[in-house]
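Below are the chains, spelled out letter by letter.
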Amino acid sequence: MKDRMSLVGNEQKFQSRVDAEEKVEPKDWMPEKYRQNLIRQISQHAHSEVIGEQPEGNWISRAPTLERKAILMAKVQDEMEHAQLLYSAAETLGKSREAMINDLINGKSKYSNVFNYPAFTWADVAVIGWLVDGAAIVNQVANSKGSYGPYVRALERICYEESFHLKQGHDNVVFLATGTEMQRTMLQEALNRWW
(Lines give C-alpha, C1' and ligand atoms only; values in the text may rest on other atoms or scores of the structure.)
Protein backbone atom coordinates (compact mmCIF):
# COMPACT_ATOMS: atom_id res chain seq x y z
CA MET A 1 0.00 0.00 0.00
CA LYS A 2 2.84 2.36 0.93
CA ASP A 3 4.62 1.65 -2.40
CA ARG A 4 1.40 2.40 -4.30
CA MET A 5 0.98 5.71 -2.47
CA SER A 6 4.62 6.58 -3.18
CA LEU A 7 4.15 5.81 -6.88
CA VAL A 8 1.03 8.00 -7.05
CA GLY A 9 2.92 10.79 -5.27
CA ASN A 10 5.82 10.52 -7.72
CA GLU A 11 3.45 10.57 -10.69
CA GLN A 12 1.72 13.68 -9.37
CA LYS A 13 5.03 15.46 -8.81
CA PHE A 14 6.19 14.42 -12.26
CA GLN A 15 3.00 15.67 -13.90
CA SER A 16 3.28 18.95 -12.01
CA ARG A 17 6.80 19.45 -13.37
CA VAL A 18 5.69 18.68 -16.92
CA ASP A 19 2.68 21.01 -16.56
CA ALA A 20 5.04 23.75 -15.35
CA GLU A 21 7.08 23.14 -18.55
CA GLU A 22 10.17 22.07 -16.63
CA LYS A 23 12.46 19.77 -18.58
CA VAL A 24 12.79 16.17 -17.46
CA GLU A 25 16.41 15.00 -17.33
CA PRO A 26 17.77 11.44 -17.56
CA LYS A 27 18.39 10.99 -13.83
CA ASP A 28 14.96 12.34 -12.86
CA TRP A 29 12.21 9.96 -11.79
CA MET A 30 9.76 9.31 -14.62
CA PRO A 31 6.87 6.90 -15.16
CA GLU A 32 7.86 3.77 -17.04
CA LYS A 33 5.25 4.41 -19.78
CA TYR A 34 6.76 7.86 -20.36
CA ARG A 35 10.25 6.32 -20.64
CA GLN A 36 9.12 3.59 -23.04
CA ASN A 37 7.15 6.01 -25.21
CA LEU A 38 10.17 8.31 -25.46
CA ILE A 39 12.45 5.41 -26.43
CA ARG A 40 9.97 4.42 -29.16
CA GLN A 41 9.53 7.98 -30.43
CA ILE A 42 13.19 9.03 -30.36
CA SER A 43 14.51 5.78 -31.82
CA GLN A 44 11.91 5.94 -34.62
CA HIS A 45 13.07 9.48 -35.36
CA ALA A 46 16.73 8.36 -35.36
CA HIS A 47 15.92 5.44 -37.67
CA SER A 48 14.11 7.85 -40.01
CA GLU A 49 17.23 10.01 -40.23
CA VAL A 50 19.37 6.98 -41.16
CA ILE A 51 16.92 5.57 -43.70
CA GLY A 52 16.01 9.04 -44.98
CA GLU A 53 19.46 9.88 -46.22
CA GLN A 54 19.63 6.82 -48.44
CA PRO A 55 17.47 7.96 -51.40
CA GLU A 56 19.48 11.19 -51.52
CA GLY A 57 22.84 9.60 -50.76
CA ASN A 58 22.44 7.51 -53.89
CA TRP A 59 22.42 10.74 -55.90
CA ILE A 60 25.68 12.27 -54.63
CA SER A 61 27.75 10.84 -57.49
CA ARG A 62 25.04 11.72 -60.03
CA ALA A 63 24.27 15.29 -58.94
CA PRO A 64 24.37 17.62 -61.96
CA THR A 65 27.14 19.95 -60.74
CA LEU A 66 30.03 19.93 -58.30
CA GLU A 67 28.17 22.50 -56.17
CA ARG A 68 25.06 20.28 -55.99
CA LYS A 69 27.24 17.29 -55.09
CA ALA A 70 28.84 19.23 -52.22
CA ILE A 71 25.45 20.47 -50.96
CA LEU A 72 23.98 16.98 -51.06
CA MET A 73 27.02 15.46 -49.37
CA ALA A 74 26.74 18.00 -46.55
CA LYS A 75 23.03 17.26 -46.20
CA VAL A 76 23.60 13.49 -45.97
CA GLN A 77 26.30 14.10 -43.35
CA ASP A 78 23.86 16.29 -41.41
CA GLU A 79 21.21 13.56 -41.47
CA MET A 80 23.65 11.01 -40.09
CA GLU A 81 24.68 13.49 -37.39
CA HIS A 82 21.00 13.94 -36.53
CA ALA A 83 20.67 10.19 -36.12
CA GLN A 84 23.68 10.15 -33.81
CA LEU A 85 22.23 12.95 -31.67
CA LEU A 86 18.90 11.16 -31.45
CA TYR A 87 20.36 7.75 -30.64
CA SER A 88 22.40 9.44 -27.90
CA ALA A 89 19.26 11.06 -26.48
CA ALA A 90 17.42 7.73 -26.53
CA GLU A 91 20.35 5.96 -24.86
CA THR A 92 19.94 8.23 -21.83
CA LEU A 93 16.65 6.41 -21.25
CA GLY A 94 18.40 3.07 -20.75
CA LYS A 95 18.26 1.35 -24.14
CA SER A 96 21.47 0.75 -26.04
CA ARG A 97 22.01 1.94 -29.59
CA GLU A 98 22.74 -1.63 -30.63
CA ALA A 99 19.37 -2.77 -29.27
CA MET A 100 17.58 0.06 -31.09
CA ILE A 101 19.29 -0.77 -34.39
CA ASN A 102 18.55 -4.48 -33.92
CA ASP A 103 14.88 -3.57 -33.39
CA LEU A 104 14.97 -1.66 -36.69
CA ILE A 105 16.61 -4.53 -38.58
CA ASN A 106 14.19 -7.07 -37.09
CA GLY A 107 11.14 -4.94 -37.93
CA LYS A 108 10.22 -4.36 -34.27
CA SER A 109 10.92 -0.64 -34.59
CA LYS A 110 9.66 1.62 -37.36
CA TYR A 111 10.78 4.63 -39.37
CA SER A 112 8.93 7.13 -41.55
CA ASN A 113 7.73 5.13 -44.53
CA VAL A 114 8.02 8.11 -46.92
CA PHE A 115 11.63 7.01 -47.34
CA ASN A 116 10.51 3.80 -49.03
CA TYR A 117 9.66 5.79 -52.15
CA PRO A 118 12.43 5.72 -54.77
CA ALA A 119 14.19 8.83 -56.02
CA PHE A 120 14.09 8.19 -59.77
CA THR A 121 15.49 11.53 -60.93
CA TRP A 122 17.46 14.51 -59.69
CA ALA A 123 14.13 16.32 -59.38
CA ASP A 124 13.09 13.81 -56.71
CA VAL A 125 16.05 14.97 -54.63
CA ALA A 126 14.88 18.58 -55.04
CA VAL A 127 11.32 17.74 -54.02
CA ILE A 128 12.47 15.64 -51.05
CA GLY A 129 14.46 18.64 -49.81
CA TRP A 130 11.53 20.97 -50.30
CA LEU A 131 8.47 18.95 -49.26
CA VAL A 132 9.75 16.11 -47.06
CA ASP A 133 12.19 18.28 -45.11
CA GLY A 134 9.51 20.97 -44.84
CA ALA A 135 7.06 18.47 -43.34
CA ALA A 136 9.77 17.14 -41.01
CA ILE A 137 10.43 20.63 -39.69
CA VAL A 138 6.76 21.04 -38.77
CA ASN A 139 6.86 17.81 -36.71
CA GLN A 140 10.27 18.48 -35.22
CA VAL A 141 9.44 22.02 -34.11
CA ALA A 142 6.34 20.68 -32.33
CA ASN A 143 8.42 17.95 -30.65
CA SER A 144 11.07 20.50 -29.64
CA LYS A 145 8.50 21.96 -27.24
CA GLY A 146 8.35 18.63 -25.40
CA SER A 147 9.31 17.76 -21.86
CA TYR A 148 12.39 15.53 -22.22
CA GLY A 149 15.52 17.69 -22.05
CA PRO A 150 17.97 15.61 -24.15
CA TYR A 151 15.45 15.22 -26.99
CA VAL A 152 14.50 18.90 -26.92
CA ARG A 153 18.15 20.00 -27.04
CA ALA A 154 18.89 17.62 -29.93
CA LEU A 155 15.85 18.93 -31.81
CA GLU A 156 16.91 22.54 -31.42
CA ARG A 157 20.06 21.80 -33.39
CA ILE A 158 18.30 19.49 -35.85
CA CYS A 159 15.57 22.04 -36.64
CA TYR A 160 18.20 24.70 -37.28
CA GLU A 161 20.02 22.46 -39.77
CA GLU A 162 16.81 21.17 -41.38
CA SER A 163 15.90 24.76 -42.25
CA PHE A 164 19.04 24.85 -44.45
CA HIS A 165 17.97 21.61 -46.12
CA LEU A 166 14.59 23.12 -46.86
CA LYS A 167 16.23 26.18 -48.41
CA GLN A 168 18.53 23.98 -50.49
CA GLY A 169 15.57 21.94 -51.72
CA HIS A 170 13.62 25.09 -52.54
CA ASP A 171 16.60 26.53 -54.44
CA ASN A 172 16.91 23.30 -56.41
CA VAL A 173 13.16 23.29 -57.21
CA VAL A 174 13.30 26.92 -58.41
CA PHE A 175 16.34 26.13 -60.57
CA LEU A 176 14.54 23.21 -62.24
CA ALA A 177 11.24 25.11 -62.55
CA THR A 178 12.97 27.91 -64.44
CA GLY A 179 15.10 25.56 -66.54
CA THR A 180 14.53 23.69 -69.77
CA GLU A 181 11.25 22.07 -70.72
CA MET A 182 12.78 18.69 -69.85
CA GLN A 183 13.77 19.95 -66.38
CA ARG A 184 10.30 21.38 -65.79
CA THR A 185 8.66 18.11 -66.86
CA MET A 186 11.01 16.09 -64.65
CA LEU A 187 10.22 18.41 -61.73
CA GLN A 188 6.46 18.17 -62.27
CA GLU A 189 6.64 14.38 -62.37
CA ALA A 190 8.64 14.33 -59.12
CA LEU A 191 6.23 16.78 -57.51
CA ASN A 192 3.31 14.56 -58.51
CA ARG A 193 5.03 11.53 -56.96
CA TRP A 194 5.95 13.19 -53.66
CA TRP A 195 2.93 15.46 -53.11
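Residues numbered from 1 in each chain as written. Predicted model: local features only at pLDDT ≥ 70, side-chain atom pairs only at ≥ 80, totals over all residues. Heavy atoms only, no water.

Visitor: What is the right way to read the packing of helix α2 (residues 32-57) against helix α4 (residues 97-105) from this model?
Guide: Helices that pack against each other are described as a pair by the angle of their axes relative to one another and the distance between those axes. The N-to-C vectors of α2 and α4 enclose an angle of 65°; their axes lie 11 Å apart at closest approach. Judged on the interaxial angle alone, α4 and α2 are roughly perpendicular. Here the hand of the crossing between α2 and α4 comes out right-handed. Residues Ser43, His47 and Ile51 of α2 pack against Met100, Ile101 and Leu104 of α4. A per-class count over the contact of α2 with α4 returns four nonpolar, two polar and no charged. (Axes fitted to C-alpha atoms, helices over the stretch in contact; angles between N-to-C directions. Helix = DSSP H or I, 4+ residues; strand = E, 2+ residues; numbered from the N terminus. Parallel < 35°, antiparallel > 145°, perpendicular 65-115°, else oblique. Left-handed = near helix turned anticlockwise from the far one by under 90°. Contact = heavy atoms within 4.5 Å. Nonpolar A, V, L, I, M, F, W, Y, C, P; charged D, E, K, R; others polar.)

Visitor: Help me understand the environment of Glu162, please; the structure alone is not making it clear to me.
Guide: For Glu162, the location among the structural elements is in helix α6 (residues 149-177). The class of Glu162 is buried, set by a relative accessible area of 2%. On a C-alpha basis, the gap between Glu162 and Gln140 in space is 9.4 Å, while along the polypeptide they are 22 residues apart. Discounting residues that sit within four places of it in the chain, Glu162 has contacts with Glu49, Glu79, His82, Asp133, Ile137 and Gln140. (Buried < 20%, exposed > 50% of the residue type's maximum accessible area, 1.4 Å probe, protein only.)

Visitor: Just checking my understanding: could you explain the packing of aromatic side chains for this structure?
Guide: The geometry of an aromatic ring pair comes down to the distance between the two centres and the angle between the two planes. Across all of its chains, the model carries five aromatic pairs by this definition. An angle of 80° between the planes, with centres 6.2 Å apart, marks the rings of Phe14 and Trp29 as edge-to-face. Residue Phe14 is located in helix α1 (residues 2-19), and its partner Trp29 is located in the loop between α1 and α2; the two are separated by 15 residues in the primary sequence. Ring centres of Tyr117 and Trp194 lie 5.8 Å apart, and the angle between their planes is 70°; this geometry places the pair in the edge-to-face category. Of the two residues, Tyr117 sits in the loop between α4 and α5 (122-143) while Trp194 sits in helix α7 (residues 181-194), which places them 77 residues apart along the sequence. Judged by its relative accessible area of 47%, Tyr117 falls in the partly exposed class. For Trp194, a relative accessible area of 11% translates into the label buried. Three or more aromatic residues joined by ring pairs make a cluster, and in this case those are Phe14, Trp29 and Tyr34. Here the basic side chain of Arg62 rests over the ring of Trp59, its NZ or CZ set 3.9 Å away from the ring centre. Sitting over the ring of Phe164, Lys167 keeps its end group 5.5 Å from the ring centre. (Phe/Tyr/Trp six-rings, centres within 6.5 Å; stacked < 30°, edge-to-face > 60°. Lys NZ or Arg CZ within 6 Å of the ring centre and 35° of its normal.)

Visitor: Whenever I open this one, the nonpolar core confuses me. Can you help?
Guide: The tendency in soluble globular proteins is for nonpolar side chains to be buried as a group. Ranked by size, the top nonpolar core spans 23 residues in total, and within it Trp122 and Leu176 carry the most contacts. The leading source of residues in this core is α5, at eight residues. Those residues in contact with Trp122, other than ones at most four positions away along the chain, are Trp59, Ala63, Pro64, Arg68, Leu72, Asn172, Leu176 and Met186. Among the nonpolar cores identified, the runner-up in size contains 21 residues, and Leu86, Ala90, Tyr148 and Tyr151 belong to it. (Core = buried A, V, L, I, M, F, W, Y, C linked by side-chain atoms within 4.5 Å.)

By themselves, these figures tell us nothing about what the structure is for.
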